[in-house]
Amino acid sequence: MTVFPIVVVMILYFSSIPIAFALLAAAMAYFTFGNVGSPPDLVLQRFITAASSFPLLAVPFFIMVGEVMNYSGISSSLMKFADVLTGHMKGGLAQVNVVLSTLMGGISGSANADAAMQSKILVPEMEKRGYGRAFSAAITAASSAIAPVIPPGINLIIYALIAQVSVAKMFIGGYVPGLLMCFALMIAVRIIAGRRKYQPVRTKMSSPKEILKQARESVWALLLPFGIILGIRFGVFTPTEAGAVAVLFCTLVGVFVYKQLKWEHLPIILKNTVYSTSSVMLIIVAASVFGQYMSWERIPHHLTNALMNFSGSPWMMLVVVNAFLLFLGMFLEGGAVLIIVAPLLVPVMRTIGVDLVHFGLIIIVNIMIGGITPPFGSMMFTTCTITDVKIGDFVKEVWPFILALLLVLIVVTYMPAIIMFLPNLV
Amino acid sequence: MRKFVKLVLGNFEVALSAAFLMVTVLVVIINVILRYGFKGGLFWVEEVATASFIWSVFVGGAAAYRHKMHIGIDLITSLFPERIRELISIVINLLMVVINGYIVYLSFLFIQANRLKRTPVLDVPAIYVNAAITVGFSLMTVHAARFLVAEAKLFFGARRTARGAVR
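Described below are features of the structure shown in this document. The residue count restarts for each chain, going from 1 along the sequence in the order it is written. Throughout, the order in which chains and ligands are written sets their labels, letters from A for the former and numbers from 1 for the latter. With pLDDT at 70 or above as the cut-off, local features in this predicted model cover only qualifying residues; side-chain atom pairs require 80 or more to be listed or tallied, and sums for whole chains, interfaces and linings still use all residues. Only heavy atoms go into the side-chain values, all of them from the structure, while hydrogens and water stay out.

Topic: a nonpolar patch on the surface
Alright, step 1. On the surface, Trp220(A), Leu248(A), Leu252(A), Val255(A), Phe256(A), Val257(A), Ile33(B) and Phe38(B) cluster together into a nonpolar patch covering about 750 Å² of accessible area.
Alright, step 2. The element contributing the most residues to the nonpolar patch is helix H13 (residues 239–257) of chain A, with five residues.
Alright, step 3. Summarising the element assignment, Phe38(B) is placed in the loop between helix H2 (12–37) and helix H3 (45–66). Here the term patch refers to residues with relative accessible area over 30% and no salt bridge, with like charges joined within 9 Å and nonpolar side chains (Val, Leu, Ile, Met, Phe, Trp, Tyr) within 5 Å. Only the protein chains shown count as cover for residues, with accessible areas throughout obtained via the Shrake-Rupley method and a probe of 1.4 Å. By convention in these notes, a salt bridge is any Lys or Arg side-chain nitrogen within 4 Å of a carboxyl oxygen on Asp or Glu. Per the convention used, a helix needs a DSSP run of H or I reaching at least four residues, while a strand needs a run of E reaching at least two, with both numbered from the N terminus.

Things to note about the interface of chain A and chain B
Alright, step 1. In what follows, residue pairs with any heavy atoms lying within 4.5 Å of each other are defined as contacts. With 52 residues of chain A at the contact, the number on the chain B side is 56 residues.
Alright, step 2. Around 4900 Å² of area is buried between chain A and chain B when both sides are counted, 83% of it from carbon and sulfur atoms.
Alright, step 3. Applying the counting criterion to the chain A and chain B interface returns one salt bridge.
Alright, step 4. Where Arg35(B) meets Glu241(A), a salt bridge forms, and the shortest distance between an N and an O atom there is 2.9 Å.
Alright, step 5. Elements represented by at least two residues in the side of chain A that touches chain B include exactly helix H1 (4–14), helix H2 (19–33), helix H3 (44–51), helix H4 (58–71), H13 and helix H14 (266–296) of chain A.
Alright, step 6. With 13 residues, the single largest contributor to the side of chain A that touches chain B is H14(A).
Alright, step 7. Of the residues contributing to the side of chain A that touches chain B, the split by class is 37 nonpolar, 12 polar and three charged. A simple way to read buried area is as the amount of 1.4 Å-probe accessible surface that goes missing from two parts once joined, with both sides added. Here the term charged refers only to Asp, Glu, Lys and Arg, the term nonpolar to Ala, Val, Leu, Ile, Met, Phe, Trp, Tyr, Cys and Pro, and the term polar to all other amino acids, Gly among them.

Notes on unusual backbone geometry
Alright, step 1. Residue Pro152(A) is bonded to the preceding Pro151(A) through a cis peptide linkage, with omega at -5°.
Alright, step 2. At the junction of Pro374(A) and Pro375(A), the peptide bond is cis and its omega measures out at 0° in the coordinates.
Alright, step 3. By secondary structure assignment, the location of Pro375(A) is in the loop between helix H18 (356–370) and helix H19 (378–387).
Alright, step 4. A positive phi angle, near 55°, is found at Gln164(A), a position not held by glycine.
Alright, step 5. Within the secondary structure, Gln164(A) sits in the loop between helix H9 (154–163) and helix H10 (167–196).
Alright, step 6. Despite not being glycine, Asp123(B) shows a phi value in the positive range, around 60°.
Alright, step 7. On the secondary structure map, Asp123(B) appears in the loop between helix H4 (82–113) and helix H5 (127–166).

Some words on the side chain of His358(A)
Residues and elements named next belong to chain A.
Alright, step 1. Counting through the fold element by element, His358 comes out in helix H18.
Alright, step 2. Whether a residue is buried, partly exposed or exposed follows from its accessible area with a 1.4 Å probe, protein chains only, as a fraction of its type maximum: under 20%, in between, or over 50%, in that order. On the accessibility criterion, His358 (5% relative accessible area) is buried.
Alright, step 3. Polar side-chain contacts of His358 include one of 2.8 Å to the backbone oxygen of Val412.
Alright, step 4. Within the local environment of His358, its side chain forms a polar contact with the backbone oxygen of Thr413, the two atoms lying 3.5 Å apart.
Alright, step 5. Not counting residues within four places of it along the chain, the set of residues in contact with His358 comprises Val412, Thr413, Pro416, Ile419 and Met420. Whenever a nitrogen or oxygen atom comes within 3.5 Å of another N or O atom, the pair is scored as a polar contact, on the condition that within protein one atom can donate a hydrogen and the other can accept it, and that pairs from neighbouring residues in sequence are kept only if both atoms are in side chains.

Structural notes on H9(A)
Residue and element names in this part refer to chain A.
Alright, step 1. With eight of its 10 residues buried, H9 lies for the most part within the structure.
Alright, step 2. Taken as a whole, H9 has its buried residues at Ile154, Asn155, Leu156, Ile157, Ile158, Tyr159, Ala160 and Ala163.
Alright, step 3. With its phi angle positive at about 55°, Gln164 sits one or two positions after the end of H9.

Digging into helix H15 (residues 299–310) of chain A
Residue and element names in this part refer to chain A.
Alright, step 1. By this rule, a helix spans an expected 1.5 Å times one less than how many residues it contains. Here H15 spans 16 Å end to end across 12 residues, near enough to the 16 Å set by a 1.5 Å rise per residue.
Alright, step 2. Listed as buried for H15 are Ile299, Thr304 and Leu307. Buried residues along H15 cover an arc of 135° about the axis, so they all sit on one side.
Alright, step 3. Residues of H15 that are buried make contact with H1, H14, helix H16 (314–331) and helix H17 (334–352). Here, the arc refers to the directions that run from the helix axis to the C-beta atoms.

Observations regarding the environment of Val8(A)
All names here are of chain A.
Alright, step 1. Locating Val8 in the fold gives a position in helix H1.
Alright, step 2. Judged by its relative accessible area of 25%, Val8 is partly exposed.
Alright, step 3. Along the sequence, Val8 and Ala26 sit 18 residues apart, while their C-alpha atoms lie 5.7 Å from each other.

Describing the environment of Ile228(A)
All names here are of chain A.
Alright, step 1. Along the chain, Ile228 falls in helix H12 (residues 219–233).
Alright, step 2. Its relative accessible area of 4% is what places Ile228 among the buried residues.
Alright, step 3. Aside from chain neighbours lying at most four places away, what touches Ile228 is Phe62, Pro152, Phe171, Phe237, Ala242 and Ala246.

A closer look at the pattern of salt bridges
All names here are of chain B.
Alright, step 1. Enumeration over the complete set of coordinates arrives at 10 salt bridges over all chains.
Alright, step 2. The salt bridge partner of Glu86 is Arg83, with a shortest N-O separation of 3.6 Å. Here Glu86 pairs with Arg83, and both are found in helix H4, just three residues apart, close to one helical turn.
Alright, step 3. Take Arg83: its relative accessible area is 34%, and that puts it in the partly exposed class.
Alright, step 4. Close ionic contact of Arg118 with Asp123 constitutes a salt bridge, the shortest N to O distance being 3.0 Å.
Alright, step 5. Residue Arg118 is classed as partly exposed on the basis of its relative accessible area, which comes to 45%.

Looking at the packing of aromatic side chains
Alright, step 1. For Phe, Tyr and Trp, rings pair up if their centres lie within 6.5 Å, where Trp contributes its six-membered ring, and each pair is then called stacked (planes under 30 degrees apart), edge-to-face (over 60) or tilted (otherwise). Evaluated as defined, the whole model comprises 24 aromatic pairs over all chains.
Alright, step 2. Through successive ring pairs, a cluster of aromatic residues spans Phe4(A), Tyr30(A), Phe31(A), Phe290(A), Tyr293(A) and Trp296(A).
Alright, step 3. Seen from the ring of Phe234(A), Arg233(A) lies directly overhead, with NZ or CZ sitting 5.3 Å from the centre.
Alright, step 4. Only lysine NZ and arginine CZ atoms are considered, and such an atom sits over a ring when it is within 6 Å of the ring centre and within 35 degrees of the ring normal. Taking NZ or CZ as reference, Arg83(B) lies 4.3 Å from the ring centre of Phe155(B), over its face.

And the structure:
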């Protein structure tokens, strides 16, 4: 078994080459110099096949939905709704921050887009009301981890394709872990806000009438995720078509209902979509090419054997796998961890009898925690850059939230009865 | 609208990639509408959507590379003093030229090897899809080379001024 490509990836990645290119370089080196007896240009077929899957098109579509949403007035309408729901609590704006990420998760599924949007809109507002800037940045980054777990989410789709499980099951399965993350963060905020005397934004709880009024205004955004899931579940459209329809839907709502979406927003929406999509897709292509090397060397097989020798108990195995994923998440962007590692771990899980939908939810919650941990967390960088907070100050404020999310991860891992209740209904 | 035109000219890769992406989105939407509104889908939608997406991905990848949107981590490189960091950066860009250039070279062999192949549904030559690799990675090679030249200039130019200051 040759492991030099894995070493090459690590060296290149740590000398600041983007992960997609590190993977491509290592794989191409293997097929050129590794004496595999297959001409390296044949590997290029993989570049095409990896990207030419119709189900995979759901990824750019849902990325685009998130971008459209930010300019269509849907975000600000959801923010008002979050404010009506939680503004009266201690640490009101921080609670709004958490709930808003949860609501936004129901439409877009990108943690970074969510972190960027809230860093720009909510953090200045929080600072004005006496919250520390580092604290505001920390809760913004931590809560953005919820958005990709709540359906529809790009990672849920990518995992479903890798593990060959139903997208509808993954979507529905995301609700409980996502809501648990939301509650865990709200409790953490409540404790910290009580200690630091962070004040509510509203003097008293909103009346049911107020809540209903705001809910009616945000109804389009609130119902969309259910429309998508029901539509997929009952075969009205495929997940890919659901993504395309959601793009159309959000555009129409932005133009005709909230009347905020204009022609001039089109370039920026397309630009952001192109950047995010091609970054994700290049990693998918590169990981797929690198996967050629791994299957050539039968690495998934060896890995399964090694892990099985280590421990056959699913309980212990999940401890090891979770620790390994958290470790990787410290250095690698969550989506990349999922794309590279899931194909290796899925056979292991199948062998030891862990439900693959359950495992998918574990891995997705896990990699989101990596996004807010130093030294390399993508949401941490996004918020710190936009809000101009030092990484050191951020870390001092974010650890209670990391702790809260780790507790959720434990629940998600070891209480499948709660987590799998909804997906098993489908 | 004028802003739109300016943006298109200034960011030709993004614009091209976005155009392909729009095609992908639109054919899928139109197909859903046709299926439910007019009881008939289009048989070529999947192939056009995915082929167009492949172009969007590889050209968009070049755009993202040009604007440094592919994230790398500078965890270790940032530990070095500035001059050495600059040198590492030059080596990295040289490597990127080699990697991307090699893929361009292989893509010609690949296209050559598949010159008789045709796409399954529309029966057009496979080169219309496969050339996306050549175009995308050629653009990335060009950008990597541009970065390389700029950084080398900075590196050697900076030394000259530093010496000048000492005199």
